[in-house]
Amino acid sequence: MQRGRPKAPLLVPEEDRSQLLRWSKRPKSSNGLARRADIVLRCADGLSNSSVAAQLRITQQTVGKWRSRYVERGLAGLLDEPRPGAPRRITDDQVEAVVVKTLESTPRDATHWSTREMAKASGLSDTSVLRIWHAFGLQPHRAETFKLSNDPQLVEKVRDIVGLYLNPPERALVLCADEKAQIQALDRTQPIFPLRPGTPERRSHDYRRHGTTSLFAALDVATGKVIGELHRRHRSVEFRSFLDRIDKEVPAELEVHLVLDNYGTHKTPLIHRWLLRHPRFQLHFTPTYSSWINQVERWFALLTEKQLRRGTHRSTRALEDAIRLYLALHNEASTPFVWVKTADEILANIARFCLRTSEAGH
């Protein structure tokens, strides 16, 4: 025997069902709207309110509420109702004008808009302009750099190197190698003021340079350990010495896959002869302008952030000692970087970026 009030029949036309499916699966739908669309779709399939509530882990009252809303008002009943509060004082046309002006024009005396300049041009307040920019993700004050690879073998090289990261060969070691050249031993011209409560560390803007050194490093992508060697110069002679170091440290039964950039010292006749004498070494060159695909560059960034950028070194030897100490401490508790992007995802991102660039008229 049926209990409770009888439920109104729920009939969902085909066009409504299509829209409900889009709402329930579209990633940019709000969580509430997606849940309401899912409730109506399940009820339309003949499920009872209690069954829908149990499947979605919500109350029967919630299911009944949105079922009734849809029966009474259709799709409009599932949308959020206007909330109480002061009425809007900025119209959609004003918002559109700010967005279009930000994207398609610049001030006469500047290269980009500021909130104050846009407020004067649009007749709105600084705060209103800022809220509009936040809503549309606009940041006129920021600019980033990029460089697209023009390597004719871009696709093949990306697939080759990413394949090594995601599916490394058996009985082989994958190393990402590069040089961090011309690291400067810098000392400030005046004493550094240390950190204090309410006051950041302060240092003079100028410095004295006490020489440079170059770090050759090879990152093991499986363990995160780094083989490093310091030289005052970075010629092919020093690179061959570094290859000898790698050859000694890697067990003889393992092949070595070395990911490198296209720097000239990696391709000299001296290096070619060395590789002929060491056939277990296989080189994988990154595409031009694509150092981001070489994982050792990320380790170099950590070295710069943690040790070099704010370090003070009164001699090249002090700088080299600091780098060796950081290298030893890193290898004591090393963890590998986790590569998550597939080659197809990377190439799809590059294709989308190229398309946006070409559409912009470049």
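Residues numbered from 1 in each chain as written. Predicted model: local features only at pLDDT ≥ 70, side-chain atom pairs only at ≥ 80, totals over all residues. Heavy atoms only, no water.

Just checking my understanding: could you explain the overall build of the chain for this structure?
Broken down by element type, the chain carries 13 helices and five strands. The C-alpha atoms of the chain give 31 Å as radius of gyration, which overshoots the globular expectation for 362 residues (21 Å, by more than 25%). By principal-axis analysis of the C-alpha atoms, the chain measures approximately 85 × 55 × 50 Å. Residue burial in the chain is summarised as follows: out of 362 residues, 37% are buried. For the chain, the share of sequence-separated contacts (at least 6 apart) that also reach a separation of at least 24 residues comes to 66%. On the chain, roughly 23,500 Å² of surface is accessible, and the fraction owed to carbon and sulfur atoms is 52%. Computed over 57 positive and 42 negative side-chain charges, the separation of the two mean positions in the chain equals 5 Å. (Helix = DSSP H or I, 4+ residues; strand = E, 2+ residues; numbered from the N terminus. Rg over C-alpha atoms; globule rule 2.2 N^0.38 Å. Buried < 20%, exposed > 50% of the residue type's maximum accessible area, 1.4 Å probe, protein only. Contact = heavy atoms within 4.5 Å. Areas by Shrake-Rupley, 256 points an atom, 1.4 Å probe, with all protein chains shown as cover. Lys, Arg positive; Asp, Glu negative; His and termini not counted. Charge placed at Lys NZ, Arg CZ, Asp CG, Glu CD.)

What exactly am I supposed to notice about the sheet that holds strand β3 (residues 226–231) here?
Within a beta sheet, neighbouring strands are joined by backbone hydrogen bonds and run either parallel or antiparallel to one another. Strands sit in the order β3-β2-β1-β4-β5 across an open sheet of five strands; the sheet is mixed. Each end of this open sheet is capped by a strand with a single partner; those strands are β3 and β5 (281–285). Neighbour-to-neighbour, the strand axes of the sheet open up by a mean angle of 25 degrees, direction not taken into account. Here strand β4 (residues 255–260) runs beside β5; their pairing, made up of five bridges, is parallel. Residue pairing in the sheet places Leu 258 in a bridge with Leu 283 of β5. Sheet contacts for helix α8 (residues 154–166): β1 (172–188), β4 and β5; angle to β5, the most-contacted strand, approximately 125 degrees. Contacting β1, β2 (207–220), β3, β4 and β5, helix α9 (residues 236–249) runs over the sheet at an angle of about 150 degrees to β3. (Pairing = 2+ DSSP bridges. Axes fitted to C-alpha atoms, helices over the stretch in contact; angles between N-to-C directions.)

Teacher, can you tell me more about unusual backbone geometry here?
Across residues other than glycine, the phi torsion is negative in most instances, and most of the peptide bonds are trans. If you check the backbone angles, Arg 57 has positive phi at about 60 degrees while not being a glycine. Its place among the elements puts Arg 57 in the loop between α3 (49–56) and α4 (60–73). One non-glycine residue, Gln 182, lies in the positive phi region at around 55 degrees. With respect to the helices and strands, Gln 182 occurs in strand β1. Judged by relative accessible area, which is 42%, Gln 182 ranks as partly exposed.

I tried to follow helix α7 (residues 126–136) on my own but got confused; where do I start?
Since there are 3.6 residues in each turn of an α-helix, residues three or four apart along the chain are aligned in direction. Within the sequence span of α7, burial applies to Ser 128, Val 129, Ile 132 and Trp 133. In an axial view of α7, the angular spread of the buried residues amounts to 135 degrees, which keeps them on one side of the axis. Exposed residues lying more than 90 degrees from the buried face of α7 are Arg 131, His 134 and Ala 135. Looking at the buried positions of α7, the neighbouring elements they touch are α5 (92–104) and α6 (115–122). (Arc of directions from axis to C-beta.)

Looking at this structure, I do not really get the environment of Gly 46. What am I missing?
Topologically, Gly 46 is positioned in the loop between α2 (31–44) and α3. Distance in space between the C-alpha atoms of Gly 46 and Leu 10 is 8.7 Å, their sequence separation being 36 residues.

What is the right way to look at the pairing of β2 in this model?
Here is the key point about a regular strand: its side chains alternate between the two faces of the sheet. Sheet analysis places β1 next to β2, joined by eleven bridges and oriented antiparallel. Among the inter-strand pairings, Gln 184 is bridged to a residue of β2, identified as Thr 212. Relative to β3, β2 runs antiparallel, the two sharing six bridges. Across the sheet, the residue bridging to Ser 214 is His 231, located in β3. Hairpin connection from β2 to β3: five residues lie between these consecutive antiparallel strands, with Gly 224 at a positive phi of about 85 degrees.

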